[in-house]
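Listed below, chain by chain, are the residues.
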Amino acid sequence: LDVAVVHAVPLNTNTPNGGVTVLKGNGSGTLVKEAAYYQVGALAIDAVTADFNGDSRADVAVANFNSNSISILLGQSNGTFRVQTSILGTASGAFDIAVADVDNDGDADVFASNLKDRNISIFRNIGLDAVTGDVRFEPLENVGLGQFSLAQRMPLVVANFDNDVSGPAGTGTVDIVTIPQETDTLHVLKNHLINGSHRVALTGLNTVSGKDFIIKPAILPPSFATIANPPSIVEDEDEQSIDVLGVTKGRATGPSLQFTATSSNTSLISNPVVDFVDGNSYATIRYTPVADANGTAVIKVRAVDAGADQVFGGANSDDGIFERSFSVTVLPVNDPPTMTVTAVATVAQNGGAQSITNFVTGIGRGGASDETGQTLSSFGVVADATYFTVQPAISSVGTLTFTPNSAKSGLVPVTVTLSDNGGKARGGSNLTTRPFSINILPISDGPVFAIASTSASKSEGNSGTTPFTFTVTRSGLTTGSSTVNYAVTGSATSGAAASDFSGNVLPSGTVTFAAGETSKVITINVVGDTTVEPNEGLIVTLSTPSAGTITTATANGTIVNDESAAPVIGSLGSTVTYTENAGRVLVFSTATITDADTTLFTNGTLTITNTNGQATDSLAIVPTSLVTVSGSNVLYMGTVIGSFTGGTAKTPLVFTFNNQTNAARMQLVLRAIGFSDSS
């Protein structure tokens, strides 16, 4: 089987007429499009096939809506078609078309429903024109269908619906059924014999109302003019735009057309944006080529009309769809090489030969993969030659080398260039230029050293070693290596000694900075012990830099004592003689208490035990102007400094002190203790 395709839209802008193309079956299940294009009338909308001239070959009848006509295409022996010169004029708006033998004379007649005049046109085939070979048809016969809304489609079917046998030899006659769109009325036009011939009479109109007939409306696609391929552009162009002209809707009513544009090569051109305002006769397509990409992309532009239901999409969509395509070509352009150059290289004027790795990084050919085969040149370096004994140069891997002139200093501007062999066609570039500077410092402008405590005030611990750290910084000229010495000494008061450090010697050494380093940490290991001693100070001093100066030469540290000494009770005084029942006598009136490392006696205790006491003996505080008792509390000048328990017979008298007690107050309490025996 072959397929005939009706084209409503003109092939080009030179004519308003549509056309027909043929796709022939090749016997393998596929179709091949024939080159021939058969021009018919304006807005060709429907077609049927039949053998109109009796040559046993398929012919085609095409309804032309805007031309109010029907074109006849006669099949030829070589498989092509000839467009008949005589056309069939219809009433206004020929739309749906059908064929049948209306007059039972053995040849195919043509029927068409007319959208605008609301009637059916009938053309009876009366044979061939002997001169032209065209098929002749009797003049137009129209059958009206009554009044209903203008421009309602009227699909029609031709068949012997009433099963009559009034034709020759008892054959039946074909009738016509049509249903105007958006009505619930079915029109039946019966065919019967009038005046010796078959006609569809006006009186033959029968209507059946109140039925729900689903008539699929005609799909009326929108249209727009052919889009010419725009001129080629080059890589990395800005946004491009192209206008789509001659935009018309398939149906005058309904929502705005929906435009989309898709790219066949989104790695070159992303799907474009389409700007369209309802009612305009044009749309604008906008697109931007992908950076560093070149090639060709086909852009397909689609316009969609919502159709008769005025709703886009859906299971039974009647959307009208129209598409055209154009091609965008992006031509390659050479991109310049890439490189990232360090801003400044700093060296002393007597620094000698220099070699700075990774001074230039990100070295590449630029662009995308199409430039990977290019060859890069050597780096070009230009500077004032008088500042160097060996001129600056950059290797292929980005290492900067030069030797400064020891007799000159200053900030020297330098320019580096890199090129490739990609050329400059279409505005391309094959050269990249970058500036940098070489700062040649006078000899006096060497590195600057300083030291500061980092973690250098802490307890020494009871065993092992504890690290005390100090940070040495280097500023100024840091491109080369340099050293500075350090030594540890004890502070003037309670200074640390050699025994406080590992190896039983005062630490010393050298700090070494590699090129580019600006900070180093010195670690001094302090030996832990259990000796009670005061806090000890240590000093780390920098000296003798290999070059440059020292701005901060010393940093201090403190070894914090973490042992505690017990209080010391001095002489308790002479022996006290007591006369039985003589009242309470002070026992320790001249006693002393001292403590070398504790200020407050918080939670400290003082215990007095009568080792040979009798049941009638007692120890208790004798109140003084400073020390008094309230219940079990001991007060100093009215402030509670602790509490006591015991003191009778052989029960020890125990004082527990709070954070209001020091050695002096504890001594006053001890001196206020009295003894008595009431036996």
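Just so we're clear, the structure is a prediction, and the values are computed from it rather than from any experiment. (Residues numbered from 1 in each chain as written. Predicted model: local features only at pLDDT ≥ 70, side-chain atom pairs only at ≥ 80, totals over all residues. Heavy atoms only, no water.)

Here's the deal with the pattern of salt bridges
For the coordinates displayed, the defined rule picks out seven salt bridges. Measuring nitrogen to oxygen at the nearest pair gives 3.0 Å for the salt bridge that ties R82 to D134. Note that R82 is positioned in strand β8 (residues 81-83) and D134 in the loop between β13 (125-128) and β14 (135-137), a separation of 52 residues in sequence. For R82, a relative accessible area of 27% puts it in the partly exposed group. A relative accessible area of 3% places D134 in the buried class. Residue D275 is joined to R286 by a salt bridge in which the shortest nitrogen-to-oxygen separation is 2.6 Å. Of this pair, D275 sits in strand β23 (residues 273-275) while R286 sits in strand β24 (residues 283-287); the two residues are eleven residues apart in sequence, bridging distant segments of the chain. Bridged by salt links that share partners, the residues E239, D275 and R286 form one connected network. (Salt bridge = Lys/Arg side-chain N within 4 Å of Asp/Glu carboxyl O. Helix = DSSP H or I, 4+ residues; strand = E, 2+ residues; numbered from the N terminus. Buried < 20%, exposed > 50% of the residue type's maximum accessible area, 1.4 Å probe, protein only.)

As for the packing of aromatic side chains
Given two aromatic rings, their pairing is described by the distance between the two centres and the angle made by the two planes. Counted by the stated rule, this structure contains twelve aromatic pairs. Ring geometry for F224 versus F259: centroids 5.9 Å apart, planes at 45°, classification tilted. Residue F224 is found in the loop between β19 (197-208) and β20 (233-234), and its partner F259 is found in strand β22 (residues 258-263); the two are separated by 35 residues along the sequence. There is no split in this pair, since F224 and F259 are both buried. When the ring of F644 is compared with that of F655, the centres are 5.9 Å apart and the planes differ by 45°; the resulting orientation is tilted. Of this pair, F644 sits in strand β52 (residues 639-645) while F655 sits in strand β53 (residues 653-657), and the two are eleven residues apart along the sequence. By relative accessible area, which is 22% here, F644 ends up partly exposed. By relative accessible area, F655 is classed as buried at 0%. Clustering of aromatic rings is evident, with ring pairs tying together F224, F259, F276 and F322. (Phe/Tyr/Trp six-rings, centres within 6.5 Å; stacked < 30°, edge-to-face > 60°.)

Structural notes on the confidence of the model for the protein
Taken over all residues, the pLDDT of the protein has a mean of 87, while the share at 70 or more is 92%. Low pLDDT, under 50, characterises residues 146-151; the stretch is placed with nine contacts to residues that sit more than four places away or in other chains. (pLDDT = per-residue confidence, 0-100. Contact = heavy atoms within 4.5 Å.)

Structural notes on helix α1 (residues 663-671)
Owing to its 3.6 residues per turn, the α-helix aligns residues three or four sequence positions apart on the same side. For α1, the full list of buried residues reads A663, M666, Q667, V669 and L670. Each buried residue of α1 lies within a common arc of 160° when the element is viewed along its axis, so the set occupies one face. The opening residue of α1, the one whose side-chain oxygen lies 3.2 Å from the backbone nitrogen of A664, is N662. (Arc of directions from axis to C-beta. Polar contact = N/O pair within 3.5 Å; in protein donor to acceptor, adjacent residues only side chain to side chain.)

With respect to unusual backbone geometry
Even without a glycine there, the phi angle at N68 is positive, about 55°. By the element assignment, N68 lies in the loop between β6 (59-64) and β7 (69-75). Its relative accessible area of 27% is what places N68 among the partly exposed residues. Unlike most non-glycine residues, N581 shows phi in positive territory, near 65°. Mapped onto the elements of the fold, N581 is located in the loop between β45 (568-569) and β46 (585-586). By relative accessible area, N581 is classed as partly exposed at 47%.

A short note on the environment of V448
The topology assignment puts V448 in strand β36 (residues 447-455). When the C-alpha positions of V448 and V622 are compared, they lie 71 Å apart, and in sequence the two are 174 residues distant. Every residue in contact with V448, bar those within four places of it in the chain, is listed here: T473, R474, S475, T549 and T551.

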